[in-house]
Every structure is written in C-alpha cells, then in structure tokens.
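An overview of the molecular structure
Each chain, letter by letter, is given below.
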Amino acid sequence: MSLSHRVPDLGALELLLAVARHGSLGRAARDVGITQPAASSRVRSMERQLGVALVDRSPRGSRLTAAGALVTDWARRVVEAAEAFDAGAQALRDRRDSRLRVAASMTIAEYLLPGWLIALRAERPDTAVSLQAGNSTAVAAGLLAGEADLGYVEGLAVPEGLDSVVVAHDRLVVVAAPSHRWARRRAPLTPAELAATPLVLREYGSGTRQVLDAALAEYGGLADPLLELASTTAVKAAAVTGAGPAVLSELAVTEELASRRLVEVPVEGVHLHRALRAVWPTGPLPTGPARDLLSLARGGAA
C-alpha cells in the first residue's frame, strides 16, 4: 500500500492540531472553517485509517487520547514541513514572476510587442522584462537553449522542438521610393519579374526572407540581392533613399506609405501572407508572466 493511503491528509492533521489547541471539537471545526458534524466525521475517518482512538469526546469537551497526543506531535511536524514546502514553492513562483525573458523576430519586436508589453506592465508592474530581437532562426535557438521564456516568430514553419499558437496575421508588400520606375507602373508585377529583380532584402533566417523564398521558388527563386541587411529598419531606410525596391511587412511601412516616402507596388499571382506565432519549448503552456503575455498577444490575433 502506498504511503498516501496510510497517512491522513493535511486537512485532517490540521483539524487534530486545532482540537489539541482548543480542547473542543466545535471550536476546532470553526477554527479550520468546517461544520462540527464534518469535523466529527473527519476525526472518525482518521481513527479508522490509523486504527487507534485519537479523541475522547464528552459533554465537557474533547481531549486527546494518549495515542492522539503522540499522533498530534507527529502531525505538527508534518504540517510544519508542509508549510515550509508551500513557502518554498511560493518563493519559486515569486522568482519566476519577477522577470520575463522574451525573444522576438524583428517585425514583431518593433511593431507589435511594445503594445503587448505596455498592457502586461499594467497587469504585472513588478515584472522586469528583457527583450532579445533577432531573426526567427535566432529566436528559436534562444528558446531551445533556455535563454528565453517565450518567443515570437514570423516564418512559415514552427522550428522543431517548439510548440506554437498564431497570434496575428501579416502581409508582405513590395515597396519602392517614388522615384523608382516601379512606382509609376500601371500593371502589377508578375512573380517572375519580382524573382528576377535584385532587391533590398533581409538576411537568411529571417521570417520575411523565408516567406519570400518559398513564394518565388517556382519562379526560379530570388535573384542575388541588391543589398542584404539584418533589420527591418535598415531595409526600409535603404528603400526610402532609393537604393532599390524591397519586400517588407505591411506593419513596418504604414507610416512611409501614408506619407508617400514609399509606394506599394502591386504584385499578382503570388501569395505573400503569413502567420505570426508565439513559440515556446515543446510541452505545457507557459506559466506566470509568459502565460499572461501570450494571452494578451492572442487577444489581438486576427
């Protein structure tokens, strides 16, 4: 028989300690927040489980038997150990909740995560958040190495070893400076034209590059890049200055399109939509602040 079947539960032991303190089953029941009939039933159940009488009941009150006094001494040590266990577990939760390490791909880090983090701070003002921004491949590597608690990626597939949930959707757009010849086109670009043209691109490993590579694979793949840059901001700046056309998240170029510092160049016949995902190491859902941030991000999912 396992130990759990031979040892009374903590609630029963706490009740026995209350009987020892008060000398009354009724007062002990009130102390632990149950009715007197429930307390009597719990004591009888404990006596049957242990095979000894623990409490003598009389009109003058309740007192422990000799066996009950001995069991009470043991119960006190068990309850004290349980209280220490609970305090230790709470300390672990407090330490976990005091910090949150987030890794996010560039587009999400720059254009979505700030709003989610502001909302998280309103819910958890004492949680310190650190953010690592990189491409989707780097985010996955950081999570698998235990360097982050929660990640956000924008590639086509979920890296092996990670679980995920979609938190938003995004569209890639082809953009160019107003002075570029594409800005004056009347007909949409074809996928073959886009594939054959040197572009200002993000580096390999970025979610944007993964989506674009996959979309144009059947058209011979991307031409050698005009420029290959490691951040969305750098790609956008190069396109604004007229270095060449670029493909960027619609989230990243909203202001530039509105002010006409960039012009969207329509493309037909190619799918440039993607899901943005929260990711974490395969297993249970994140807990603590990571769970709350995940919930906030999912609340904004399209």
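Below: a short report on this structure. Since the model is a prediction, treat every value here as computed from it, not as a measurement.

What counts, and at which threshold
Residues numbered from 1 in each chain as written. Predicted model: local features only at pLDDT ≥ 70, side-chain atom pairs only at ≥ 80, totals over all residues. Heavy atoms only, no water. Phe/Tyr/Trp six-rings, centres within 6.5 Å; stacked < 30°, edge-to-face > 60°. Helix = DSSP H or I, 4+ residues; strand = E, 2+ residues; numbered from the N terminus. Buried < 20%, exposed > 50% of the residue type's maximum accessible area, 1.4 Å probe, protein only. Lys NZ or Arg CZ within 6 Å of the ring centre and 35° of its normal. Polar contact = N/O pair within 3.5 Å; in protein donor to acceptor, adjacent residues only side chain to side chain. 1 Å grid on protein atoms, 1.4 Å probe; cavity = no way out; pocket = protein on both sides within 12 Å on 5 of 7 lines; lining within 4 Å. Points joined across faces, edges and corners; volume = space filled by probe spheres on them. Expected span 1.5 Å × (residues − 1). Arc of directions from axis to C-beta. Contact = heavy atoms within 4.5 Å.

1. A look at the packing of aromatic side chains
- Applying the stated criterion across every chain yields a total of one aromatic pair.
- Consider the rings of Trp116 and Tyr152, whose centres lie 5.2 Å apart with planes at 40 degrees: the pair is tilted. Here Tyr152 lies in strand 5 (residues 150-153) and Trp116 lies in helix 7 (residues 113-123), a separation of 36 residues in the sequence. Side by side, Trp116 and Tyr152 carry an identical accessibility label, which is buried.
- Of note, Arg209 hangs over the ring of Tyr204, and the distance from its end group to the ring centre comes to 4.0 Å.

2. Some points on the side chain of Thr232
- If you trace the backbone, Thr232 turns up in helix 11 (residues 232-240).
- Relative accessible area serves as the criterion here: at 2%, Thr232 is assigned to the buried category.
- Among the polar contacts listed, one links the side chain of Thr232 to the side chain of Arg202, at a separation of 3.3 Å.

3. Side note on empty space enclosed by the protein
- A full pass over the atoms with the stated rule returns one cavity of 30 Å³ or more.
- By volume, the largest cavity is sized at about 30 Å³.
- In this structure, the largest cavity is lined by Leu201, Arg202, Thr208, Arg209, Leu212 and Val247.
- Elements with a minimum of two residues in the lining of the largest cavity: strand 7 (200-202) and helix 10 (207-216).
- Take the lining of the largest cavity: its biggest share by element is three residues, from helix 10.

4. Things to note about unusual backbone geometry
- The phi dihedral of Arg260 falls on the positive side, at around 60 degrees, and the residue is not glycine.
- You can see Arg260 is positioned in the loop between helix 12 (254-258) and strand 10 (263-265).

5. Looking at helix 2 (residues 10-22)
- Along its 13 residues, helix 2 runs 18 Å from first to last C-alpha, staying within 8% of the 18 Å computed at 1.5 Å per residue.
- Along helix 2, the positions that sit buried rather than exposed are Ala12, Leu13, Leu15, Leu16, Leu17, Ala18 and Val19.
- Residue Asp9 occupies the N-cap position of helix 2, its side-chain oxygen lying 3.0 Å from the main-chain nitrogen of Gly11.
- One or two steps after helix 2, the chain reaches Gly23, where phi turns positive at roughly 65 degrees.

6. Let's talk about the side chain of Ser105
- Mapped onto the secondary structure, Ser105 falls in strand 3 (residues 99-105).
- Polar side-chain contacts of Ser105 include one of 2.5 Å to the side chain of Glu154.

7. Some details on helix 4 (residues 36-50)
- Between its first and last C-alpha atoms helix 4 spans 21 Å; for 15 residues at 1.5 Å apiece the expected length is 21 Å, and the two agree.
- Within helix 4, the full set of buried residues consists of Ala39, Ser40, Val43, Met46 and Glu47. Buried positions in helix 4, seen along its axis, are confined to an arc of 125 degrees and lie on one side of it. Exposed and facing more than 90 degrees away from the buried side of helix 4 are Pro37 and Arg48.
- Where helix 4 begins, the side chain of Thr35 points an oxygen toward the backbone nitrogen of Ala38, at a separation of 3.2 Å.
- At the C-terminal side of helix 4, Gly51 shows a positive phi close to 80 degrees.

8. Details of the environment of Ala148
- If you trace the backbone, Ala148 turns up in the loop between helix 8 (136-144) and strand 5.
- Residue Ala148 is classed as buried on the basis of its relative accessible area of 7%.
- Each C-alpha atom of the pair Ala148 and Arg99 lies 11 Å from the other, and the pair is 49 residues apart in sequence.
- If sequence neighbours within four positions are ignored, Ala148 has contacts with Arg101, Val102, Ala103, Gly142 and Leu143.

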